Number of protein chains: 2
Amino acid sequence: METQRLHNFNAGPAALPREVLETAQQELLNYQGTGLSVLEMSHRSAAYQEIIDATEASLRRLLGLDERWAVLFLQGGATLEFAGVPLNLMRTGRAGYVVSGHFAQKAQEEAARYGKSLVLASSESTGFDRIPSLEGVEAAAAGCDYVYICQNNTIFGTTFSELPACGDTPLVADVSSMFLGCPLDVERYGVIYAGAQKNAGPAGTCVVCVRRELVEGGPALAACPTYLNWELEARKGSMYNTPNTFGIYMSGLVFDWIERQGGLAAMEARNRAKAQVVYDALDASDVLHGTAEKCSRSFMNVTFTSGTPELDAEFLSMAAAAHMTGLKGHRLVGGMRASLYNAVTLEEAQLLAALIDEFGSTHTRAESH
Amino acid sequence: METQRLHNFNAGPAALPREVLETAQQELLNYQGTGLSVLEMSHRSAAYQEIIDATEASLRRLLGLDERWAVLFLQGGATLEFAGVPLNLMRTGRAGYVVSGHFAQKAQEEAARYGKSLVLASSESTGFDRIPSLEGVEAAAAGCDYVYICQNNTIFGTTFSELPACGDTPLVADVSSMFLGCPLDVERYGVIYAGAQKNAGPAGTCVVCVRRELVEGGPALAACPTYLNWELEARKGSMYNTPNTFGIYMSGLVFDWIERQGGLAAMEARNRAKAQVVYDALDASDVLHGTAEKCSRSFMNVTFTSGTPELDAEFLSMAAAAHMTGLKGHRLVGGMRASLYNAVTLEEAQLLAALIDEFGSTHTRAESH
């Protein structure tokens with residue numbers, strides 16, 4: 001049965017580039033003449049070692065990570081690393097969190113199991129509709145093992161427009177939903193980590209980039225499960241035990257695709273253009289409006305609503321009829337969310353913008369009758 | 001480029017049924033008319049919920065697990081669960097381990113981070129060539145939160161011929177390399193868990209079956225990362241956070257395939273027949289011999305050697321010439337290992353047996369010259 005592929009605005013797992021899927025499909029029974037599928041290949045084989053090495057090298061080129069950084073391909077998602085961060089880094093037992101949304105809050109709460117987990121700033125009082133003021137973060141950072149941010153808040157559609165100043169304290173950033181969507185000034189960070197299932201491949205891999213100097217001597221806390229020992233995983237090339245071999249291979253295909261598209265600067269230009277198209281439509285609409293404060297708007301996840309569940313549902317059913325999927329907002333906030341990850345095209349963003357326009361004019365007409 | 005697919009004797013990741021790979025290939029860009037690849041489908045979508053529900057249901061049918069059991073599809077491999085087991089179950093701070101090989105030892109050492117981790121029996125002194133005597137385990141079990149075994153030792157090619165008696169103390173079994181290779185008497189266990197990458201799908205999923213009564217009230221220890229909280233994962237249907245969506249889908253295809261083959265009893269009959277063919281060839285050979293004690297022999301992983309690294313290397317290169325892969329023994333022990341998982345056919349086991357015969361006669365001839 002041939003059916004049309006949908007326009008995929010899912011927040012993650014999310015759209016993958018068609019070329020990447022086609023390559024994976026072609027190679028699925030026999031990877032490059034090895035006589036094996038990547039799915040059934042030993043992680044200790046030479047063929048697989050080449051795959052993971054090339055994947056890591058490609059990621060290092062994209063982000064500009066030199067040998068001061070370890071690059072790990074782990075499992076368990078960002079959620080498992082909510083524990084991994086304090087277990088590895090909480091050497092004096094105090095860390096500072098900027099709570100800009102649900103996942104930053106989860107991370108802050110998880111760290112409280114292992115030590116003092118201070119909220120240095122929060123936008124909870126405004127429903128996480130913005131990145132909180134970062135005033136005071138730098139002063140508080142001095143007494144912390146690290147300062148933690150979730151740089152793009154998938155659920156609320158917000159992004160940091162600037163990073164907090166932290167002095168000498170390492171900045172740890174969960175960049176899951178913006179990873180590889182734009183260049184990062186890596187000099188500013190101590191740890192950059194991301195669940196892959198947005199811009200970097202299918203679900204089941206979490207990429208952790210960590211400055212080696214931060215994990216010298218092993219985890220901060222004895223309660224750290226061996227699997228979460230970043231220093232060990234760095235020494236073992238992410239293969240202390242069997243990694244998610246196929247997930248890493250798929251991520252490698254995605255990284256190669258990004259390189260062919262011109263790298264992260266090209267991705268950012270495309271992504272900002274896509275977001276602009278959708279935000280412009282929202283700003284021009286009398287019926288739908290964006291939910292994030294303008295200066296905190298994410299270029300990856302655009303959150304919006306009509307203000308009523310009935311109209312939102314109507315919009316979502318029009319979108320479904322137009323072969324669009326994944327536009328329903330997160331269950332915590334309702335409304336709509338369009339995730340405009342790398343594999344979503346400008347044409348798809350334009351289709352969505354046109355639908356927003358059309359929805360506005362339909363309802364304006366309806367009201368004038 | 002068309003190349004022959006290899007005979008795959010890898011210990012894991014390992015051979016997958018060709019039918020399963022073909023289905024995955026066919027559906028890779030568009031899963032059953034949904035317009036999306038499983039790789040880019042939201043884990044919160046109705047389509048994906050159907051996949052994971054059907055996967056769980058199929059596994060429950062295969063193993064005979066009723067609602068007293070929670071079935072979890074987690075990430076991080078058995079290695080992460082080496083910590084998950086004590087973190088969830090060590091309520092009084094004492095557990096007993098039967099150390100029959102490398103992975104049982106790793107699990108025992110990991111538990112020592114969290115409490116008293118007693119070695120109730122060990123075969124380390126004989127190089128783990130057998131399952132240790134279980135005498136005394138039952139008496140010691142009484143003072144333990146659980147008794148732990150690794151039921152099939154992939155590296156050493158051994159399997160428990162009988163389970164230890166533990167009285168009322170729950171038995172926790174890492175069954176990774178025999179999972180779904182034979183029926184299990186589930187009434188005997190408290191926890192049955194396995195990395196999927198042997199008989200149950202690709203790498204990146206760890207299946208944890210746990211009696212709900214054991215995790216009532218949540219994890220035993222406060223240091224338990226939320227991701228490892230089995231009680232929570234049970235309530236959330238393995239979706240507290242994004243699971244390895246594609247890995248679980250592939251496991252579902254494998255479970256369906258096993259059901260079509262006649263289920264676990266049929267698998268066991270096939271697996272025992274395959275192992276018999278290879279062990280018979282080894283027992284008849286003057287050059288190669290099995291390394292495990294006969295009464296501890298595994299029907300899934302057959303370990304053998306010539307006794308010299310040179311002859312072993314020669315055997316491995318003959319095998320490679322015959323399109324066989326994955327026969328090199330684990331780096332800790334050297335020699336050879338043939339993993340005869342469900343997807344390896346009887347014909348492939350016969351080819352291997354023929355090679356063992358041929359190798360024996362070549363070298364006997366060579367010696368007689």
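For clarity, every value in this text was computed on a predicted model and none was experimentally measured. Here the residue numbers are simple positions, counted from 1 along each chain's written sequence. Whichever chain is written first becomes A and whichever ligand is written first becomes 1, with later ones labelled in order. Local features are withheld for residues below a pLDDT of 70 in this predicted model, meaning they are given only at 70 or higher, and side-chain atom pairs are given and counted only at 80 or more; totals for whole chains, interfaces and linings count all residues. Here the side-chain values reflect all heavy atoms present in the structure, with hydrogen atoms and water set aside.

Help me understand the environment of Thr-92 of chain B in this model?
With respect to the helices and strands, the residue Thr-92 of chain B is situated in the loop between helix 3 (77-89) and strand 3 (94-99). With 24 residues separating them in the primary sequence, Thr-92 of chain B and Lys-116 of chain B have C-alpha atoms 9.3 Å apart. By definition, any uninterrupted DSSP run of H or I lasting at least four residues is a helix, any uninterrupted run of E lasting at least two residues is a strand, and each is numbered from the N terminus.

What should I look at first to understand the interface of chain A and chain B in this one?
Put simply, an interface is often sized by how much accessible area is lost when its parts join up. Any two residues whose heavy atoms approach within 4.5 Å are treated as being in contact. Contact residues are listed per partner, giving 65 residues for chain A and 64 residues for chain B. Just to be clear on terms, a salt bridge is a Lys or Arg side-chain nitrogen sitting within 4 Å of an Asp or Glu carboxyl oxygen. Where chain A touches chain B, the interface holds 2 salt bridges. Of the charged contacts, one joins Glu-40 of chain A and Arg-5 of chain B as a salt bridge, the two residues approaching to 2.6 Å between their closest N and O atoms. Each polar contact in these results corresponds to two N or O atoms within 3.5 Å; when the atoms are within protein, one needs to be able to donate a hydrogen and the other to accept it, and residues that are neighboring in sequence are counted only if both atoms are side-chain atoms. At the junction of chain A with chain B, the criterion picks out 27 residue pairs in polar contact (both at pLDDT 80 or more). Counting only elements with at least two residues in the side of chain A that touches chain B, the list comes to helix 1 (18-26), helix 3 (77-89), helix 4 (102-111) and helix 8 (245-261) of chain A. The residue inventory of the side of chain A that touches chain B, partitioned by class, reads 28 nonpolar, 28 polar and 9 charged. Three residue categories are used. Nonpolar comprises Ala, Val, Leu, Ile, Met, Phe, Trp, Tyr, Cys and Pro, charged comprises Asp, Glu, Lys and Arg, and polar comprises the others, including Gly.

What am I meant to see in the sheet that holds strand 11 (residues 289-290) of chain A here?
Backbone-to-backbone hydrogen bonds join strands into a sheet, with any given pair of strands oriented parallel or antiparallel. Residues and elements named next belong to chain A. Any two strands are treated as partners once DSSP identifies two or more bridges connecting them. The sheet built from 3 strands is open, its strands ordered 11-12-14 with antiparallel pairing. The outermost strands of the open sheet, each flanked by one partner alone, are strand 11 and strand 14 (336-339). Sheet analysis places strand 11 next to strand 12 (residues 301-305), joined by 2 bridges and oriented antiparallel. Opposite His-289, over in strand 12, you have Thr-305 as the bridge partner.

It is not clear to me how the pattern of salt bridges should be interpreted in this structure. Could you clarify?
Under the definition given, this model contains 34 salt bridges over all chains. Residue Arg-68 of chain B pairs with Asp-66 of chain B through a salt bridge whose shortest N-O separation is 2.9 Å. Among the ionic pairs, Glu-110 of chain B bridges to Arg-113 of chain B, the shortest N-O distance being 3.3 Å. Note on exposure labels: buried denotes an accessible area under 20% of the residue type's maximum, exposed denotes more than 50%, and partly exposed covers the range between, all computed with a 1.4 Å probe on protein chains only. Given the relative accessible area of 40%, Arg-113 of chain B is considered partly exposed. Among the charged side chains, a network of salt bridges with common partners joins Glu-56, Arg-60, Glu-67 and Arg-212 of chain A.

When you look at the packing of aromatic side chains in this model, what are you seeing that I'm missing?
Each aromatic ring pair is described using two quantities: the centre-to-centre distance and the angle formed by the ring planes. Here a Phe, Tyr or Trp ring, Trp counted by its six-membered ring, pairs with any other such ring whose centre lies within 6.5 Å, and the pair is stacked when the planes are under 30 degrees apart, edge-to-face when over 60, and tilted otherwise. Taken as a whole and judged by the stated rule, the model has 17 aromatic pairs over all chains. Taking 5.3 Å as the distance between ring centres and 85° as the angle between the ring planes, the aromatic pair formed by Phe-315 of chain A and Phe-359 of chain A counts as edge-to-face. Placement of the pair is Phe-315 of chain A in helix 10 (residues 309-321) and Phe-359 of chain A in helix 11 (residues 346-368), with a sequence separation of 44 residues. When sorted by exposure, Phe-315 of chain A lands in the same class as Phe-359 of chain A, which is buried. With a centroid separation of 5.2 Å and an interplanar angle of 55°, the aromatic rings of Phe-128 of chain B and Phe-156 of chain B are classed as tilted.

What is the right way to read the relation of the copies chain A and chain B from this model?
There are two copies of the chain, and a rotation about an axis plus a shift along that axis relates them. By a simple turn and slide, chain A fits onto chain B: the slide is 0.0 Å along the axis, the RMSD is 0.0 Å, and the turn is 180°. Here the two chains are linked by the operation of a two-fold rotation axis. To line up the copies, we fit them by least squares on C-alpha atoms, keeping just the residues with pLDDT of at least 70 in both.

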